[in-house]
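Take a look at the letters that make up each chain.
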Amino acid sequence: MTIKLLAIGKTDHKELHALIDEYTKRLGFYVKFKLEIIPDIKNSKNLSETQQKLKEGELILGKLKATDVLILLDENGKQFDSVGFSNYLQKHMNSGIKQLVFVIGGPYGFSEDVYKKANGKVSFSKMTFSHQMIRLFVIEQLYRGFTILRNEPYHHR
């Protein structure tokens with residue numbers, strides 16, 4: 001199985017880039033992983049919230065294959081502790097899917113078309129995180145999940 005993380009907009013901070021690269025490298029020992037950045041919508045200041053979500057939604061849906069399992073990172077999604085999240089990953093791996101895609105939406109969330117296509121929603125917190133920070137958190141939790149599945153000492157119970 002491949003895991004892909006789709007995110008809108010670039011990461012500006014070199015420190016975050018370094019940490020994202022570090023955890024991406026670590027995660028690569030367990031699973032094929034791709035981080036794909038969708039460029040920010042140009043002239044978004046001239047668009048309504050709905051128009052921006054629609055344009056971002058088209059770009060997100062354009063990055064998916066018909067067989068992908070799409071999981072939205074959404075404040076109204078299911079919350080897990082780290083062990084629960086590792087079990088969630090294991091369940092998807094056991095199902096035989098080729099690619100599990102997590103998506104971080106734009107500042108206003110997702111379009112209705114993206115919600116309709118989604119196979120699930122996960123929330124990392126009831127708090128709101130910047131779009132740049134959440135990338136690191138997702139990748140670190142994916143890495144942590146795989147270390148839990150392998151009974152490695154990274155996660156302390």
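Each remark here, short or long, concerns the structure printed above.
Note that the structure is a prediction, hence the values are computed from the model and not measured.

1. A closer look at a positive patch on the surface
1) Next: Where like charges cluster on the molecular surface, the positive patch consists of K32, K34, K65 and K98.
2) Next: With respect to the helices and strands, K34 occurs in strand β2 (residues 32-38).

2. Quick look at helix α2 (residues 49-62)
1) Next: Over its 14 residues, α2 extends 20 Å from the first C-alpha to the last, a length consistent with the 20 Å expected when each residue adds 1.5 Å.
2) Next: Those residues of α2 that sit buried are Q52, E56, G57 and I60. End-on view of α2: buried residues confined to an arc of 135°, all on one side of the axis. In α2, the exposed residues that point more than 90 degrees away from the buried face are E58 and G62.
3) Next: Contact partners of the buried residues in α2: β1 (2-8), β2, β4 (99-104) and α4 (112-117).

3. Remarks on the sheet that holds β4
1) Next: The strand order across the open sheet built from five strands is β2-β1-β4-β3-β5, with neighbouring strands paired in parallel fashion. Edge strands, defined here as strands with exactly one partner in the open sheet, are β2 and β5 (120-123). Strand-to-strand, the axes of this sheet are offset by a mean angle of 30°, without reference to chain direction.
2) Next: Against the sheet, α2 makes contact with β1, β2 and β4, and its axis sits at roughly 160° relative to β1, the strand it touches most.

4. Observations concerning the packing of helix α1 (residues 14-27) against helix α5 (residues 131-149)
Two packed helices can be described by the angle between their axes and the distance between those axes.
1) Next: Here α1 crosses α5 at 20°, and the two axes come no closer than 9 Å. When the interaxial angle is binned, α1 and α5 end up roughly parallel. With respect to the hand of their crossing, α1 and α5 are arranged in left-handed fashion. Contacts between α1 and α5 pair L16, L19, I20, Y23, T24, R26 and L27 from the former with Q132, M133, R135, L136, I139, E140, L142, Y143 and F146 from the latter.
2) Next: The residue makeup of the contact of α1 with α5, split by class, is 11 nonpolar, two polar and three charged.

Cut-off values and rules
- Residues numbered from 1 in each chain as written.
- Predicted model: local features only at pLDDT ≥ 70, side-chain atom pairs only at ≥ 80, totals over all residues.
- Heavy atoms only, no water.
- Patch = residues over 30% accessible without salt bridge, like charges linked within 9 Å, V, L, I, M, F, W, Y side chains within 5 Å.
- Areas by Shrake-Rupley, 256 points an atom, 1.4 Å probe, with all protein chains shown as cover.
- Salt bridge = Lys/Arg side-chain N within 4 Å of Asp/Glu carboxyl O.
- Lys, Arg positive; Asp, Glu negative; His and termini not counted.
- Charge placed at Lys NZ, Arg CZ, Asp CG, Glu CD.
- Helix = DSSP H or I, 4+ residues; strand = E, 2+ residues; numbered from the N terminus.
- Expected span 1.5 Å × (residues − 1).
- Buried < 20%, exposed > 50% of the residue type's maximum accessible area, 1.4 Å probe, protein only.
- Arc of directions from axis to C-beta.
- Contact = heavy atoms within 4.5 Å.
- Pairing = 2+ DSSP bridges.
- Axes fitted to C-alpha atoms, helices over the stretch in contact; angles between N-to-C directions.
- Parallel < 35°, antiparallel > 145°, perpendicular 65-115°, else oblique.
- Left-handed = near helix turned anticlockwise from the far one by under 90°.
- Nonpolar A, V, L, I, M, F, W, Y, C, P; charged D, E, K, R; others polar.

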